[in-house]
Amino acid sequence: MLPDSKHEPLLKVVNLTKTYLEGESERHVLRGVQFEIYKGELIVMLGRSGSGKSTLLNLISGIDVASSGEVFFGNRNLTALSENERTLFRRESIGIIFQSFNLIPTLTVAENMLLPMELTGRLSTAQQARALEVLEEVGLKDRSDSYPDRLSGGEQQRVALARALAHEPLLILADEPTGNLDFKTAGQVMDILQRLVHDEKRTMLIATHDRDILNLADRIFSLQEGQLVEVTLDTAMGV
Amino acid sequence: MFLSVLGVALGVAVVVAIDLANTSATEAFRLSSEAVTGRATHHIVGSRELLDERVYLDLRLEAGIKDAAPVIDGFVSIPSNPGRMLQVLGIDPLAEGPFRSFTGGVGSGLDLGRFISSEQTGVLSALTAQNLNIEAGDSLKVRFEGQEQSITIISLLEAESEQSARVLDNLLIVDISTAQALFGMAGQLSRIELILSEESEQSAQIAALNEFLPVGAVLERSTTKSETMAQMTRAFSLNLVALSLLALVVGMFLIYNTMTFSVVQRRPTIGRLRALGVTQKEIFSLVMGEALLIGVLGTGIGLLAGIALGQGLVHLVTQSINDLYYVLRVRTWDLSYWSLAKGVGLGVGATLLAAIAPAREATSAPISTVLQRSTEESRVREGLPRLALASLGLAVTAILLLVLPGNSIAISYLALLLLILAFATATPSMVVGMARLARPLMSAVGGVVGRMAAQGTITALSRTSIAIASLMIAISATIGVGVMVNSFRSTVEVWLEYTLRADIYVSPPGLVFRRNDATLLPEIEAILRSQDGVVGAYSVRTASVKANNERADLVVVGPGPQRKEGTRLKEGDPDRVWDRFGAETTVLVSEPYSFRNDIHVGDTITMGTDQGEQAFLVGAVYYDYGSDLGAIMMSRNTYEMYFMDRGVSGISLYAAPGQDVDALIESIRGRLAGKQEVNMRSNRSLREASLDVFDRTFTVTIVLRLLAVFVAFIGVLSALMALQLERARELSVMRANGLTPRQVWKYVTMQTGLMGFMAGLMSIPLGLTLAYILIHVINKRSFGWTLQIDITPAILGQAVILAVLAALLAGIYPAWKMSRSNPANALRDE
């Protein structure tokens, strides 16, 4: 399903490059990446291990800084912001799902979910209620007081999903969300993702090499040799 | 790695430094004692360490003993070099031959006739003369008991070997008659030295000598004096060693923590190695090998630092010995191989011991869980009841050791160590409890960051509890020693208040602050007693006597109300004892004397007097904090009945009502001018001087305390570094979820502050327990003093503040590092 409007991109990435210094030599991970994401789209980004998928997600979220190029959220140039401003923007506007769940072991399930909102210092009752709804949607309402080390891998990833969604960010970035899960659990997680994203029209960029996710995608990109190329579903399946 | 090396180095440095300081002091004493003892096997002394010189003549002429040499020894100060003392050895060069090799040179290298016949001549070693800027033929001004005299140095001795150079250093050799004039000992000797034949024939010789010796003269083995001196400082030295070991215990926690961190950090590597077929034994060897490297490096640095630190401490230790026990000058400080070997053994041994648990941890986990940090934390949390039980067991054992009959200081310290371990093993449970209590508060103050900071102390319990335990131990040592010193000081203050009742105290300058046995010239005494504005003058005499076959200080007090007013009795009937004290052969003993010799009211003390051995009844035990060696108090009447001595060592003066004490002092000073230099102190200044000496004595303790806190600080820094580095990924995730760099600071600071606060709180009960043991067990067993515990809220508050500050300070670097790090790096290292 296409988004309502394609005229106003939610995210615009312009000529983004990232170069790492490895000893004396330079490794160009991203070479002039350009693309746009529109509100409500689910974009899947394919690529082999080490192709730069995570790097691109880190640059989009402002976790890392690009060597050159720009990232726009609406009219806001993320690359022009300071570290602190990027962090504040991220916690308001972006939800992140990691391959290895990355829940905070010192916080309960509920606290992990509420973390981005709590960090703002303005956690409202409505937000709390919404977070509990999301937790219910991922089927873990009864585990809200448990600590992460008491949960299975699938449960942990569902909490991570809920955390990324609970504060209703503009964009959800998912880095190999099923990469650490077995086939069955991955399927469950994908079902939740599909329901939450498509039913609630969330905007999402998923980096993966799990071809089962491709069926959910509105558009598919492939990251090859530092450049992002849009591909069709058939091509992607054959890649 | 750097921090653990530093931790080992600091621990070793403190132990080695204290050991070197103690060894140097002992060695200096041995050398100075060897200088005057030589090859003598026995000596004859008098009742007050004075012997009539006729005994020597009789011994040579009548008893026909050839291997006998008269000796006078003592110390003089040098007015041109304030603080410098010279050891004086008065000899008869003609009798010296078999006794001292170096004094043989006196006979061979100089004008013997002049040395013997001229008054006031002496010889010095060339090295000492050079240090004093003196040449042969020069006159050296020396001062004894406030009287200045000149000695003409007629020759300089060249030492034949390094050993004799050390023995000769700081030694002024004079003829007997010069020494007698110098020390005001006309017709008297310090002792007669003897070389008795083989052991098998000695008993017959000793019996014959005892038969021959006049009343008051006693035959002793030459080693007795050294043994007595060593005994004097035994408790003092042992307590210093124990304090230095405390730094090593804290250091061991640090090593354990660092080694565990090093294992945790490389968990994935260890897991991979195990998966690739590396055996558990090989992993164990790997970790232990690394510990060995840290141990060797740290010990090497620690030895060098210890040697440097020892040079500073030897000065403090010597100062205390000089203030409290006897004159000692440490000329060279001794780099004993044994001290260094102990340092190596302790440093490497402690490191390996501390590394065993982490090494086992690395090897014992199954491969699948080696990669999971949470497994270890779960294990620690599951093991909490067992740890609590172990803590209880340790505490009970410690208490049993403390209540065991006996006076062993070593066992007291062992009990102290077990109690420290008991508290350390209870730390994880206490941390969990306190963190749970703190969580709501931290949440209210810092929101989710505060809550995470509190919960984090539980989540990484294996790390946090070690850091908190090491800080707690160091801080509790500060409280324990602080309360002990405070209690001691306030007890001494009260005692001084009670004891020092006169307005002015006059005495000749003595060599040892706490033990003034110098003699006031009789004319001075007369001047003082007749001084206008003085309504009461009471004398005191201090002498060294032999009581129950041990050397003891005798304090002889003149008649007057000051006896009763200034003495608080611990045992004995205050209504009756003072009448008997003045009239009969009743003496009083100080609390330390009573403790050291197990003498109580009703017991008798057999004392060697000028009238022969005499039994004295102990009428009371009195509180006295002036000397840990103890003293016997005797009335002047009784003393004059049994001893020929009529001298006084000091006089206390009571000013007339309304008399300006300072004006009185000035007036007396004017009248005494040019006669004998005396120390004249007002009540207040004597009190201050006494407390100054007290404070000086505890300087070493304060230095050691600070070092222990510093070692603990390094421990906390290392633990926090470990924690924060381990959490790099967690913090990165939080950063990814919107945690700002400022919030990272807040998180780390709140957590470290909480850890410091926990350590501070827990250090209070442990510190007070340590103080109780130090005061009521170790002090009692070491010195026998009754001290009133004086706990000021300030000292407890300071301890908590110190703990929080140390922790916060230790958190600065990790917080800075974490707030600046790029979260992408940690997230990439998946």
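Note that this is a predicted model, so its numbers are computed, not measured.

Asker: Quick question: what am I supposed to make of the overall build of chain A here?
Answerer: On a plain count of helices and strands, chain A comes out with seven helices and 10 strands. By the burial criterion, 57% of the 239 residues in chain A qualify as buried. When contacts within chain A are restricted to residue pairs at least 6 apart in sequence, long-range pairs at least 24 apart make up 71% of them.

Asker: Looking at this model, I keep getting lost on the sheet that holds strand 2 (residues 25-38) of chain A. Mind explaining?
Answerer: Each strand in a sheet pairs with its neighbour through backbone hydrogen bonds, running either in the same direction (parallel) or in the opposite one (antiparallel). Residues and elements named next belong to chain A. Spatially, 2-1-4-5 is the arrangement adopted by the four strands of the open sheet, whose pairing is antiparallel. Bordering the open sheet on either side are strand 2 and strand 5 (76-77), each of which pairs with just one other strand. The sheet contact formed by strand 1 (residues 9-22) and strand 2 spans 10 bridges and is antiparallel. Looking at the pairing, Thr19 lines up with His28 of strand 2.

Asker: Where do I start with the sheet that holds strand 9 (residues 219-224) of chain A in this structure?
Answerer: Residues and elements named next belong to chain A. With mixed pairing, six strands are arranged side by side in an open sheet as 6-7-8-3-9-10. Here the strands that pair on one side only, and so sit at the sheet edges, are strand 6 (94-97) and strand 10 (227-231). Strand-to-strand twist of the sheet, defined as the mean angle between neighbouring strand axes without regard to direction, takes the value 20°. Bridging between strand 3 (residues 42-46) and strand 9 involves four bridges; their strand directions are parallel. Along strand 9, the bridge assignment pairs Ile43 with Arg219. Taken strand by strand, helix 5 (residues 153-166) contacts strand 6 and strand 7 (171-175), and its axis lies near 170° from that of strand 6.

Asker: Just to check I follow, could you spell out the nonpolar core for this structure?
Answerer: What tends to happen in soluble globular proteins is that the nonpolar side chains get buried as a cluster. In this structure, Leu11(A), Val33(A), Phe35(A), Leu56(A), Ile60(A), Phe73(A) and Leu205(A) are the most contacted members of the largest nonpolar core, which totals 140 residues. Inspection of this core shows a minimum of three residues originating in each of domain 3 (427-500 + 684-830) and domain 4 (509-677) of chain B. Formed by 42 residues, the second largest nonpolar core is a distinct cluster that contains Leu165(A), Ala174(A), Ile213(A) and Leu216(A).

Asker: Teacher, can you tell me more about the packing of helix 3 (residues 109-120) of chain A against helix 4 (residues 125-137) of chain A here?
Answerer: Residues and elements named next belong to chain A. Closest axis-to-axis distance for the helix 3/helix 4 pair is 10 Å, and the angle between their directions is 130°. Here helix 3 lies oblique to helix 4, going by the angle between them. Here helix 3 and helix 4 pass one another in a crossing that is right-handed. Listed contacts from helix 4 to Val109, Met113, Leu114 and Met117 of helix 3 are Gln127, Gln128, Ala131, Val134 and Leu135. Across the contact of helix 3 with helix 4, the residue classes tally to seven nonpolar, two polar and no charged.

Reading the values: the criteria
- Residues numbered from 1 in each chain as written.
- Chains lettered and ligands numbered in written order.
- Predicted model: local features only at pLDDT ≥ 70, side-chain atom pairs only at ≥ 80, totals over all residues.
- Heavy atoms only, no water.
- Helix = DSSP H or I, 4+ residues; strand = E, 2+ residues; numbered from the N terminus.
- Buried < 20%, exposed > 50% of the residue type's maximum accessible area, 1.4 Å probe, protein only.
- Contact = heavy atoms within 4.5 Å.
- Pairing = 2+ DSSP bridges.
- Axes fitted to C-alpha atoms, helices over the stretch in contact; angles between N-to-C directions.
- Core = buried A, V, L, I, M, F, W, Y, C linked by side-chain atoms within 4.5 Å.
- Domains from an automatic or database assignment.
- Parallel < 35°, antiparallel > 145°, perpendicular 65-115°, else oblique.
- Left-handed = near helix turned anticlockwise from the far one by under 90°.
- Nonpolar A, V, L, I, M, F, W, Y, C, P; charged D, E, K, R; others polar.

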